[in-house]
Amino acid sequence: MNLKTTLNTCLSFRKTWMCVIFALSCMAMTNAQTVSGTVTADGQPLPGATVLVKGTTQGTSTDFDGNFTIKAEALSTLVISYIGYSTKEVLVGNQTQINVSLEQDNKLDEVVVIGYGTQRKSDLTGSVSSVSAEDLTAVPVSRVDQALQGRASGVQVTQTSGAPGAGTVIRVRGGNSITGNNEPLWVIDGIIVGTNFNLNNINSNDIKSIEILKDASSIAIYGSRGANGVVLVTTKNGAGAGAGKPQISLNLYTSSQMLPELPDRLSQREQIEFTNESARFRSAAEPFPGDPSTYPDNDWVDLVLGTAPIYNADISIAGATDNLNYYTSLNYFNQEGIVKSSGLEKYIYRANLDLKLSDKVKTGFRLNYSRLEQDNALASFSQAAFGILRTQPVFNDDGSYNGFDDVVGSPFNNPLAAIALNTNETLTNNLLATMYLEYSPAPKWIIRSTFNPEFNNVKQNRFTSSQLPGNLAIGVTDGGTASVRTETLSAWNNENTVQYSSNFGEDHNVTALAGLSFQKEVRESSLASAAGITSDATGFNRLQNSRPTLASNTSGFGQRTIESLFGRINYIYKDKYLLTLVGRRDGSSVFAPGNKYAFFPSVAGAWKISEEPFMQNQNTFQNLKLRASWGKSGNQAIDNFSTLATYTSANTTLNGAEVPGLTIDRPANPDLKWETTSSFDIALEASLFGGKVFTEFNYYYKKTEDLLLDVTIPRQTGFNSQVQNVGSLENQGWELLVNSTNVRTANFNWNSTVTLSANRNKILDLGGVDFIDIVVDPIIGSGNTRLIVGESVPVYTGVRYLGTWKSQEDIDDSGRTDPQVVGGSHFEDLNGDGIASTQDAVVLGSPFPDLIFGIENSFSYKNWDFSFYFQGTSGNEVYNLSMRNNYFNRGEAVKFGDLRNRWTVDNPTSNIPRAGADSVTNTPPNSEYVEDGSHIRLKTVRLAYNFPVDKMGLDGIKNATVYFSGSNLLLFSNTRLIDPEASNFGRSNIAQGYLSAQYPNPRVITLGLNVTF
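Criteria and cut-off values
- Here, residues in each chain are numbered from 1, in the same order as that chain's written sequence.
- Note on the predicted model: pLDDT of at least 70 is required for a residue's local features to be given, and 80 or more for side-chain atom pairs to be given and counted; whole-chain, interface and lining totals, by contrast, use all residues.
- Water and hydrogen atoms play no part in the side-chain values, which are based on all heavy atoms of the structure.
- Each helix corresponds to a stretch of at least 4 residues labelled H or I by DSSP, and each strand to a stretch of at least 2 residues labelled E; elements are numbered beginning at the N terminus.
- Residue exposure (1.4 Å probe, protein chains only): buried if accessible area is under 20% of the type maximum, exposed if over 50%, otherwise partly exposed.
- The contact criterion used is simple: two residues touch if any of their non-hydrogen atoms lie within 4.5 Å.
- Here the open area of atoms and residues is found with the Shrake-Rupley method and a 1.4 Å probe, where only the protein chains shown may cover a residue.
- Here the positive residues are Lys and Arg and the negative ones are Asp and Glu; neither His nor the chain ends is included.
- By convention, the charge on Lys lies at NZ, on Arg at CZ, on Asp at CG and on Glu at CD.
- Salt-bridge detection follows one rule: a side-chain nitrogen of Lys or Arg within 4 Å of a carboxyl oxygen of Asp or Glu.
- Criterion used throughout: strands pair if DSSP finds at least two bridges between them.
- Orientation is described by lines fitted to C-alpha atoms, with helices fitted over the stretch in contact, and by angles between N-to-C directions that extend from 0 to 180 degrees.
- For the purposes of these results, a polar contact is taken to be a pair of N or O atoms within 3.5 Å, where, inside protein, one atom must be able to donate a hydrogen and its partner to accept one; residues adjacent in sequence count only when each atom of the pair is a side-chain atom.
- Multiply 1.5 Å by the residue count of a helix minus one, and that product is the helix's expected span.
- The pLDDT value expresses, per residue, how confident the predictor is, ranging between 0 and 100.
- Among the buried residues, those of types Ala, Val, Leu, Ile, Met, Phe, Trp, Tyr and Cys that are joined through side-chain atoms within 4.5 Å form a nonpolar core.
- Only Phe, Tyr and Trp rings take part, Trp by its six-membered ring, and two of them pair if their centres are within 6.5 Å. Stacked means planes under 30 degrees apart, edge-to-face means over 60, and tilted covers everything else.
- For a Lys NZ or an Arg CZ to count as sitting over a ring, it must be within 6 Å of the ring centre and within 35 degrees of the ring normal.

1. A closer look at the overall build of the protein
Then, in step 1: When helices and strands are tallied, the protein shows eleven helices and 56 strands.
Then, in step 2: Its C-alpha atoms give the protein principal-axis dimensions of about 120 × 75 × 65 Å.
Then, in step 3: Burial statistics for the protein: of 1013 residues in total, 52% are counted as buried.
Then, in step 4: At a minimum sequence separation of 6, the contacts of the protein that also span at least 24 residues come to 68%.
Then, in step 5: Roughly 43600 Å² of accessible area belongs to the protein as shown, and the carbon and sulfur atoms make up 55% of that amount.
Then, in step 6: Averaging the coordinates of the 79 positive side-chain charges in the protein and doing the same for the 98 negative ones gives two points 9 Å apart.

2. Here we look at the pattern of salt bridges
Any two side chains of opposite charge can pair if their charged atoms end up close together.
Then, in step 1: All chains considered together, the criterion is met by 42 salt bridges.
Then, in step 2: In this structure, arginine 976 and glutamate 931 form a salt bridge, with 2.7 Å as the shortest nitrogen-oxygen distance. On the criterion of sequence distance, the pair formed by arginine 976 in the loop between β54 (959–973) and β55 (994–995) and glutamate 931 in strand β52 (residues 930–932) is long-range, its members being 45 residues apart.
Then, in step 3: A relative accessible area of 6% means that glutamate 931 is categorised as buried.

3. Points about the environment of alanine 433
Then, in step 1: Take alanine 433: it is sitting in strand β25 (residues 423–439).
Then, in step 2: Exposure remark for alanine 433: the relative accessible area of 9% places this residue in the buried category.
Then, in step 3: Sequence separation between alanine 433 and phenylalanine 455 is 22 residues, and the spatial gap between their C-alpha atoms is 9.2 Å.

4. Overview of the sheet that holds strand β11 (residues 128–132)
Then, in step 1: Pairing is mixed across the open sheet formed by five strands, whose spatial order is β11-β16-β17-β14-β15. Two strands lie at the open edges of the sheet, namely β11 and β15 (191–194), each paired on one side alone. Sheet twist, expressed as the average angle between the axes of neighbouring strands with direction ignored, equals 20°.
Then, in step 2: Looking at chain direction, strand β14 (residues 185–188) and β15 are connected through three bridges and run antiparallel. Among the inter-strand pairings, isoleucine 188 is bridged to a residue of β15, identified as isoleucine 191.

5. Some words on the side chain of threonine 695
Then, in step 1: When you line up the elements, threonine 695 lands in strand β38 (residues 693–705).
Then, in step 2: Within the structure, threonine 695 has its side chain in polar contact with the backbone oxygen of leucine 737 (distance 3.1 Å).
Then, in step 3: With near-sequence residues (within four places) excluded, threonine 695 lies in contact with Leu684, Glu685, Ala686, Leu688, Leu736, Leu737 and Val738.

6. Things to note about the pairing of strand β19 (residues 308–320)
Then, in step 1: Examined bridge by bridge, strand β18 (residues 247–258) and β19 share eleven bridges and lie antiparallel to one another. In the strand pairing of β19, glutamine 257 is matched with alanine 308.
Then, in step 2: When β19 meets strand β20 (residues 324–336), the two strands line up antiparallel, connected through eleven bridges. Bridging across to β20, asparagine 312 finds its partner in phenylalanine 333.
Then, in step 3: The hairpin turn running from β19 into β20, its antiparallel successor, is three residues long.

7. Points about the side chain of serine 546
Then, in step 1: Checked against the element boundaries, serine 546 lands in the loop between β28 (508–533) and β29 (552–573).
Then, in step 2: Exposure remark for serine 546: the relative accessible area of 15% places this residue in the buried category.
Then, in step 3: Of the polar contacts made by the side chain of serine 546, one reaches the backbone oxygen of leucine 543; its length is 2.7 Å.
Then, in step 4: Once residues lying within four places of it in the same chain are set aside, the contact partners of serine 546 are Ala530, Ala531, Gly532 and Ile533.

8. Let's talk about helix α5 (residues 268–281)
Then, in step 1: With 14 residues, α5 should cover 20 Å at 1.5 Å per step; its first-to-last C-alpha distance of 20 Å lies within 8% of that length.
Then, in step 2: Among the residues making up α5, those that are buried are Gln268, Gln271, Ile272, Phe274, Thr275, Asn276, Glu277, Ser278 and Ala279.
Then, in step 3: One or two positions beyond α5, positive phi appears at serine 283, with a value near 60°.

9. Regarding the confidence of the model for the protein
Then, in step 1: Here the protein averages 86 in pLDDT, and 92% of its residues register 70 or above.
Then, in step 2: The model gives residues 1–30 a pLDDT under 50, and that stretch makes six contacts with residues more than four places away or in other chains.

10. A word on the nonpolar core
Then, in step 1: Ile178, Leu305 and Leu787 are the most contacted members of the largest nonpolar core, which has 60 residues in total.
Then, in step 2: Listing elements by their share of this core, those giving two or more residues are α5, α6 (300–304), α7 (381–387), β48 (842–845), β51 (877–880), α11 (883–888) and β55.
Then, in step 3: The greatest single-element share of this core, amounting to four residues, is contributed by α7.
Then, in step 4: Leave out the neighbours within four places in its chain, and leucine 787 touches Ile178, Ile763, Leu766, Asp770, Phe771, Ile772, Ile774, Val793, Pro794 and Ile990.
Then, in step 5: With 23 residues, the next largest nonpolar core counts Ala147, Val155, Ile170 and Phe197 among its residues.

11. Observations regarding the packing of aromatic side chains
Then, in step 1: Counted under the stated rule, the structure contains 28 aromatic pairs.
Then, in step 2: One aromatic cluster in this structure is built from Tyr796, Tyr801, Phe827, Tyr879, Tyr887, Phe888, Tyr929 and Tyr994.
Then, in step 3: Of note, arginine 786 hangs over the ring of phenylalanine 771, and the distance from its end group to the ring centre comes to 4.1 Å.

This is the structure we're talking about:
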């Protein structure tokens, strides 16, 4: 009988004196009141924390979510402790709900998010890198992945484009697959959103922390989904806001994007001289016979690119009560691109809520809605910098746009006309949500079920005007084209877990987790296009205003389902010896029956050396831990329906009339199965010198087998190739992280962070062949990229460039039979057949660096904060696709500044080919295309002032900070195109490091204000 029922009974029978006696008896027996609460650290629940009534042996431990319940007198004091954290004491008083946040003593005892839970870093047996909210928001970025660059050892993040909203290429400990997706799995608030989720949908300021899971022990819980690493994103909640009135935070900033350093190019006069010289060599008329000053001098870069602003505003409201915490935010972001006509506008709303229904039941949701409006660039930096001569007029004499290139004698695409007349926009609506219900039938048990829907709708509108000057110049007046493309995604994920945590005696601690997961996604797409549109009035809105014979419609459908059964056991003995066992069985619809299911196990162990008796009388190591892991993960590196035969259209003639038909496009292969990666990791973690230095060193080895490759098959089958499981590759490397507190005084602090990592990627087998040629660019064809057994994926190949031919005698003595000319390019004829061709190709380099590094220093003096951060790579090469036209060939194209020192009669020792030599000699892919990609970038600089709001009498303001920051301010690189991180082929696995004057990464200066009320 509870106290309330007893009182009611007593009152109803008017036996007050008996009630008083009974109440006193209850107090004598229990001598306490029930107190509940939550223990957190860095905003995360702290499972396993000890809660004691001071001066007694009465105590308890927090559960998986950091919750506890204990009986204590009003005058008692609760002592809350956790290894590696400062102990706190709290007077009970009349409180029935006590929430406590512990402060960490050292880096080894941070609480980090892992798959399906949290764990102390000191108890981890796997490799996990953490990035805090402070790191993410130190310098504003439009996408959260841009802030990860150099922040985590073993994680290579490459910013391939500076376009608004452009993503990055992320490789966690190298690439495991050749043709499959090598991007890590993103998990946002427990929602598996996949490897290609548009991170523009997430507001970086909503994120509390990011953890990157790297080794088999940490990623195995995600099975086939986590083969390339897992990025766990946790958004903010109201737990840290404190009880009472809501906490309101305002974040405002404005940025100015400026052009970076531009590649060295010939000036207008120098280009005229080169073009005329090239024409004379070919015995052609000089395109510019007059004085160079009489021709236009238009720097198309200045006409097409310029300074552009960024505006951002977001407001958040957070709060907490005994049974409820909430966080909601609204974000507006607007970025104009430095290439005119490009830009991105975003509207993002987030709502997070956690509700405690009772001591045993908790529920909540996470909701994120975003609206993206993107203007895709209608002009390109490549065209402006290297595609149009400075002598090309912008306008005709009558003021209309010029669209004809007199030098080449053909129409050209005037980028200013394209910006004014064309349209290319993408509109995206995304809804991402999760709802959960958690039930704890007993203190040691937690049952949790989540349901995660996602809806994504993309619509791209494109219109090319019929009035483009290039069309009008040749009399084409009905050249207008338009298209509307839509793509919808509807997906859901349901996960159900049961967790049991218990201490057995004083030495044993076990946490066991079991789960069942179901996921389904459906993608549908349609494309309607039309040509022959004679009027610009309706643009893409009335495709029927076109020639019916030039209209087309296509559609697509894809469906993928995954079901999984998984489990994990964490065992700790005497807080010194740790063991983790993980297993996951995945089934995927992309494989045929018999190969749909695969099991991915892992085992990991750790030894806290610093807890041993022989380590107790030393002062060097505060914590020292050795850990190792082994496991397997998989990759479903094929598209939907890849095991089935596919059809393609093949019209035929029947009774004299053309009729539509189908033919088999690809043969079926029901034997396809998972790519499988086995990995081993060993690491040493240490906290030294009283916690002033934290360091972690990892060595790993990964081997991927049953690679999914497009293999050439006998032509007698009627097909050229088939996707098969053949071949294997390996990745091995090391990682080093060092965090140090260099100086800590009352007014001045200095902290440093260094991340170093190296990865060696190597092909072990390609199904019995020594190499496979890859065509990454149809213009340069084959011979420049290969997959070679014993080399990385891929390597750049080509003939060696030996400089220029210095005399006719040298040519005659060489035995060459292909056309050569004095002053022309001299390529090595390796096999001696008299011709320099792809048969003479050698390995010229690799896009993979020998070393990836990041170095950050942060300082604080009283109310001032200052930090700077460098990142870069060493030992990688890049492949400059612009070399063909802008170095070796065509006087009609803009040339690199190197050609000022080209071979001439007056400069016969130069190794730069003469103007016009390309009209005689062939230019195969060669070593001059391959350049050093090593670089150092000053990624961020930040200066902030924290207002002393308490001393200023601003009672309604908790804190206020104004800051000035810069990003991408300096870049030290030897590549002709300046930025070695750019990539012509985006996220392609086998075409990384190919440069062709992509959208440049701008220099960004930001002024911002953060205020919390």
